[in-house]
Amino acid sequence: MNESITPVPLALTRRRFLQASSALAALPFVSLPAAHARPVSSDAADATAAMPEQIVATCSTFDCGGKCDIRAHVRDGVVTRIATLPDEAHDPAMPIMRACVRGRGYRKFVYHPDRLKYPMKRVGKRGEGKFVRISWDEATTLIADNLSRITHQYGPASRYVHVGTAVSGGAFSGDKMVRRLLNLHGGYLDSYHSVSMGNTAAATPYTYGTAASGSSLDTLADTRLVILWGHNPNETIFGHTNHYFQQMKRNGTRFIVVDPRYSDTAASLADQWIPLLPSTDNALMDAMMYVIITENLHDKAFIDRYTLGFDEESMPDGVPENESLVAWLSGKKDGIAKTPEWAEAITHVPAQTIRQLAREYATTKPAALIQGWGPQRHNCGERTARGSTLLATLTGNVGVKGGWAAGYGGIGNRKFTTGPEMPDNPVKEKISVMNWVQAADDPAQVTPENGLTGGETLPSGIRLLFSLAGNYLANQNPDLHQAVKVLEDDTKIEFIVVSDLYMTPSAKYADLLLPETSFMERWNIGETWGTGNYVMLSEKLVEPAFERRSDYDWLCDVADKLGLKQAFSAGRSEQQWIAHIWEQTRQAMPQENMPDFATLRVQRHHLFKSEPYVAFEANIRDPQNHPFATPSGKIEIFSKRLYDMHHPEIPALSHYVPAHEGPQDPLSERYPLQLITWKGKNRANSTQYANPWLQEVQTQTLWINPLDAQLRGLTSGDTVRIHNDRGLCQVEVEVTPRIIPGVVAMQAGAWWQPDEQGIDRGGCANVLSSARITALAKGNSHQTMLVEVTKHESV
Ligand SMILES: Nc1nc2c(c(=O)[nH]1)N[C@H]1C(S)=C(S)[C@@H](COP(=O)(O)OP(=O)(O)OC[C@H]3O[C@@H](n4cnc5c(=O)[nH]c(N)nc54)[C@H](O)[C@@H]3O)O[C@H]1N2
Ligand SMILES: Nc1nc2c(c(=O)[nH]1)N[C@H]1C(S)=C(S)[C@@H](COP(=O)(O)OP(=O)(O)OC[C@H]3O[C@@H](n4cnc5c(=O)[nH]c(N)nc54)[C@H](O)[C@@H]3O)O[C@H]1N2
Ligand SMILES: [Mo]
């Protein structure tokens, strides 16, 4: 990693940088290599330099929350070095977005010898990974022919576009454009639910009427207490979160981290770490509410004015007695008072710590309880997400500067680029992302009860599938064994098109495997996530080598073969699409004073200078004119809509209900350890898994607490086998007090590498995870699984 500390050349002052950018911008778009060959300044010495170098501010379009401001050094059509935003070029009005370790490693991702080079067709059995090189003409003809044949036979609802997040950080992508093409060609089976935060998104509106419940982070400057609840932004970035949190830390804000793991965020920010058993968060929340209310620390005026369902006096009509929050916590309904002692037995957080946490949260004004997305990627995830909205409500932290209403949903005032225009999809049925395996295997089993919307039955099974920039056919999909079993049967899905840069575990299931360009080889606009505030040009820096092509490029050929070329492309090149999208965005957001595209090409990023934004500020300031978008117009502590679902896993109050495969599941007698995964610093999901520099940053090990290790005779470095009924995985163990006893953890996104016996040697947790669908959101629960760990003596 020696390049990661290479200083930016002194010559690169902000003025010089702007000159450099404008010199490049003045050149014709199409011939970047020529542009790079030209000197960037008229300075005679530079002009005669043997190897003039261009330094370009750019970003990747991966799905990791932040768009690092990287500085690509380009010489003779090659990216020779990646530096980052130099301090002297930093605009003080803008949060610092220095490249993290992943950003600095990009060259090894782009220039890796293992990158796919040519279009390839499967020759062996599906999944075997045997392919032969074919021409692009053959590849695009195969796609066009299969699209026509399969659609003719099964209808447009037989076509599916799979999860592919690696390009979701950009305004333009093959993943978006293939949907455009399919819509123009009769439509496709679309899906809903984000595996990232879909459970939060589905649950939050039951409290506030909307999922857009996040504030801008600049409003937290005076917050005295922040509780990061299953939130690890030190690694996951989330826009400019670290910039603001580090500033707050310096200014004396107290941070508490609630996480089964002592995460990097806990290590760098926390004044206090509160570990708990995964999926028991609601028990901790219930007990906190119990303490707050019994000690009279709740904000009574706020509750009276803005909420529904706190006590028996504030319940909606048509609900029997003892359904209110107070009744629940005091045990009027089930005979169990939700005391800290009750919660200690469930969560393993000492009762006294629960009392202290509750008191601190309720008496520090304002305080922000910010939930990450790890706690909601569980099969109790909707309850956990909504639980924190109740705590924020009881303490009057909603709609208040410095408070925080909920987990990270969308930020109310934040809009990014418009994206390419999407014609209507004629297919009205939609499935949850969790239904796709079943929709391929036995479509009759996909019903409105388990996720189908827009119809009573599926018109067809999935027969043709595009996976562009995803590793979700296998690797990232929960319970990957049941998915690949269906994929292996090519009488079910008949044609699978995958585009990637690498031969990933999912790519092996392609019938047609296409080598896409990397973000450095095409045009895009990078967007920070919800809390971030800039967009950035992601420029084509180098020409693609071998026969790599952007997805848009080959989609144009397919469109041509289907007679849809003009309708699909609107006559635009990729770069013209980017200019077009930018122009549309600019017009849609006149208040943001966005520069025109030519100016963007000079300044390269645009900072949103929106006013600081506090979610629900208007609803709290003026409730008469700004009621909450709930049925009652109030913040609904008790949700009649949830109540009417009469489902034991969808309590109207979002209180604790033991999770399937949680610590109270009888299955824990056989599999006594909970396994969770986290998003580590050296890759974005599985993207960059093969990057050798990033492999050095962190090796794939299983974290286990010394107590659990001792019980199993384990020391660090031992090889262990992790197993449950779904799979078996063999990795090295790391004995560490950074994880609570009873829980083991592995980084998410390692490549699945089954040996001859089917034992995964890569450390891919999805051989063990469950495909159980969450009750309310019909979403994923990647994080809730029970396992046992045993020492493996190699023979
Ligand atoms: N470096 C890096 N950054 C990323 C990504 C990446 O792969 N690498 N992925 C990106 C993507 S796609 C997404 S969706 C986001 C995801 O961001 P998150 O979902 O917030 O990230 P996770 O690491 O899954 O979870 C955050 C924390 O929750 C903890 N946790 C797990 N289960 C529980 C629980 O039951 N209770 C509590 N209290 N805590 C729990 C984990 O230990 C972890 O530290 O990150 C994005 N950023
Ligand atoms: N156990 C467990 N599983 C999880 C999660 C978890 O927390 N734990 N998190 C879930 C979440 S939140 C998410 S978002 C998903 C993510 O799952 P995916 O959406 O599958 O994302 P990646 O694993 O990053 O796979 C993206 C693939 O795209 C490729 N790629 C990168 N750049 C490009 C490009 O420019 N063009 C093309 N064509 N390909 C490119 C990469 O090489 C990589 O193989 O995983 C989910 N799976
Ligand atoms: Mo995600």
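This structure is a prediction, so every number in the text was calculated from the model and none was measured. (Residues numbered from 1 in each chain as written. Chains lettered and ligands numbered in written order. Predicted model: local features only at pLDDT ≥ 70, side-chain atom pairs only at ≥ 80, totals over all residues. Heavy atoms only, no water.)

### Some points on helix 11 (residues 241–250)
Using the following cut-off: Classification of residues uses two cut-offs on accessible area relative to the type maximum, computed with a 1.4 Å probe and protein chains only: under 20% is buried, over 50% is exposed, and between them is partly exposed. Secondary structure elements are defined from DSSP: runs of H or I of at least 4 residues count as helices, runs of E of at least 2 residues count as strands, and each element is numbered from the N terminus. Every residue pair with non-hydrogen atoms within 4.5 Å of one another is taken to be in contact.
Where helix 11 is concerned, the buried positions are Thr241, Asn242, His243, Tyr244, Phe245 and Met248. For helix 11, the elements touching its buried residues are strand 8 (225–229), helix 10 (233–236), strand 9 (254–258), helix 12 (264–269) and strand 12 (367–371). One or two steps after helix 11, the chain reaches Gly252, where phi turns positive at roughly 100°.

### Side note on the side chain of Asn477
The condition that has to hold: As used in this structure description, the phrase polar contact means that two N or O atoms lie within 3.5 Å; if the pair is within protein, one of them must be able to donate a hydrogen and the other to accept it, and residues adjacent in sequence are counted only when both atoms belong to side chains.
With respect to the helices and strands, the residue Asn477 is situated in the loop between strand 14 (464–468) and helix 20 (480–488). A distance of 3.0 Å separates polar atoms of two side chains, one belonging to Asn477 and the other to Trp436. If sequence neighbours within four positions are ignored, Asn477 has contacts with Trp436, Val437, Tyr472, Gln482, Ala483, Asn766 and His782.

### With respect to the site of ligand 1
Condition: In these notes, residues near a molecule or strand are those with any non-hydrogen atom within 4 Å of it. In these tables, accessible area is a Shrake-Rupley quantity obtained with a 1.4 Å probe, and a residue counts as shielded only by the protein chains included in the view. Note on residue classes: Ala, Val, Leu, Ile, Met, Phe, Trp, Tyr, Cys and Pro are nonpolar, Asp, Glu, Lys and Arg are charged, and everything else, Gly too, is polar. Domain start and stop positions are those given by an automatic or database domain assignment.
Near ligand 1, the surroundings consist of 34 residues, among which Arg102, Asp259, Arg377, Arg683 and Asn685 are the closest. In the environment of ligand 1, a nitrogen atom lies 2.7 Å from a nitrogen or oxygen atom belonging to the backbone of Gly680. Protein contact buries 99% of the 910 Å² of open area that ligand 1 shows by itself. Elements represented by at least two residues in the shell around ligand 1 include exactly helix 10 and strand 21 (673–678). Here the residues of the shell around ligand 1 sort into 13 nonpolar, eleven polar and ten charged. Residues lining the shell around ligand 1 come from more than one domain, with at least three contributed by each of domain 2 (204–413 + 615–643) and domain 3 (666–791).

### Notes on the state of the cysteines
Formally: By definition, disulfides here are pairs of cysteine sulfur atoms that lie within 2.5 Å.
Taken as a whole and judged by the stated rule, the model has zero disulfides. No disulfide involves Cys64; its sulfur sits 6.0 Å from the nearest other cysteine sulfur, which is in Cys68. Using a relative accessible area of 10% as the deciding quantity, one classes Cys64 as buried.

### Let's talk about the pattern of salt bridges
Here the idea is simple: oppositely charged side chains can pair when their charged atoms come close. Applicable threshold: We count a salt bridge whenever a side-chain nitrogen from Lys or Arg sits within 4 Å of a carboxyl oxygen from Asp or Glu.
Within this structure, the stated rule accounts for 41 salt bridges. Its salt-bridge partner being Glu53, residue Arg75 comes within 3.4 Å of it at the nearest N-O pair. Of this pair, Arg75 sits in strand 2 (residues 70–75) while Glu53 is found in the loop between helix 3 (44–47) and strand 1 (54–58), placing the two residues 22 residues apart along the sequence. With a relative accessible area of 24%, Arg75 lands in the partly exposed category. Judged by its relative accessible area of 22%, Glu53 is partly exposed.

### What about the site of ligand 2?
Near ligand 2 there are 32 residues, and of these Asn471, Asp500, Glu516, Ser686 and Thr687 occur at the shortest range. Backbone polar atom of Gln476 to a nitrogen atom of ligand 2: 3.0 Å apart, as the coordinates give it. A distance of 2.8 Å separates a nitrogen atom of ligand 2 from a polar side-chain atom of Ser499. For ligand 2, the protein covers 98% of the area, taking 920 Å² as the surface of the free molecule. Its residues placed into classes, the shell around ligand 2 shows eleven nonpolar, 15 polar and six charged. When residues of the shell around ligand 2 are assigned to domains, at least three map to each of domain 1 (120–192 + 418–516 + 547–574 + 581–589) and domain 3 (666–791).

### Examining the packing of aromatic side chains
Using the following cut-off: Each aromatic pair joins two rings of Phe, Tyr and Trp (for Trp, the six-membered one) with centres within 6.5 Å, and gets the label stacked for planes under 30 degrees apart, edge-to-face for over 60, and tilted for any other angle. Charge over a ring is defined by NZ of Lys or CZ of Arg lying within 6 Å of the ring centre and within 35 degrees of the ring normal.
For the structure shown, the criterion picks out 21 aromatic pairs. Consider the rings of Phe238 and Trp373, whose centres lie 4.8 Å apart with planes at 65°: the pair is edge-to-face. One end of the pair, Phe238, is in the loop between helix 10 and helix 11; the other, Trp373, is in the loop between strand 12 and helix 18 (381–394), with 135 residues separating them in the sequence. Across the pair, Trp373 and Phe238 agree in class, each one buried. Seen from their ring centres, Tyr552 and Trp577 are 6.5 Å apart, and the 80° between their planes marks the pair as edge-to-face. Within this pair, whereas Tyr552 is found in helix 21 (residues 551–561), its partner Trp577 is found in helix 23 (residues 574–588), the two being separated by 25 residues in sequence. Here Trp577 falls in the buried class, since its relative accessible area comes to 0%. Here the aromatic residues Phe62, Tyr106, Phe109, Tyr502 and Phe519 are joined through ring pairs into a cluster of three or more. Seen from the ring of Phe546, Lys117 lies directly overhead, with NZ or CZ sitting 5.4 Å from the centre. Above the face of the Trp328 ring, Lys338 is positioned so that its terminal group lies 3.9 Å from the ring centre.

### Remarks on the UniProt feature "domain: 4Fe-4S Mo/W bis-MGD-type" (unreviewed entry) in the protein
Here is the rule: UniProt positions are given in the numbering used here, feature names are shortened, and annotations may be inferred rather than shown by experiment.
When the UniProt feature table is mapped to this numbering, "domain: 4Fe-4S Mo/W bis-MGD-type" (unreviewed entry) covers residues 53–114. Each end of residues 53–114 is marked by a C-alpha atom, and these two atoms are 27 Å apart; helix forms 15% of the span and strand 29%.

### Details of the nonpolar core
The criterion, for reference: Definition used in this section: a nonpolar core is a set of buried Ala, Val, Leu, Ile, Met, Phe, Trp, Tyr and Cys residues joined via side-chain atoms within 4.5 Å.
Tyr208, Ile227, Met288 and Leu325 are the most contacted members of the largest nonpolar core, which totals 56 residues. For this core, the element with the highest residue contribution is helix 13 (residues 281–294), accounting for ten residues. Aside from chain neighbours lying at most four places away, what touches Leu325 is Met289, Ile293, Gly309, Phe310, Leu394, Ile637 and Leu653.

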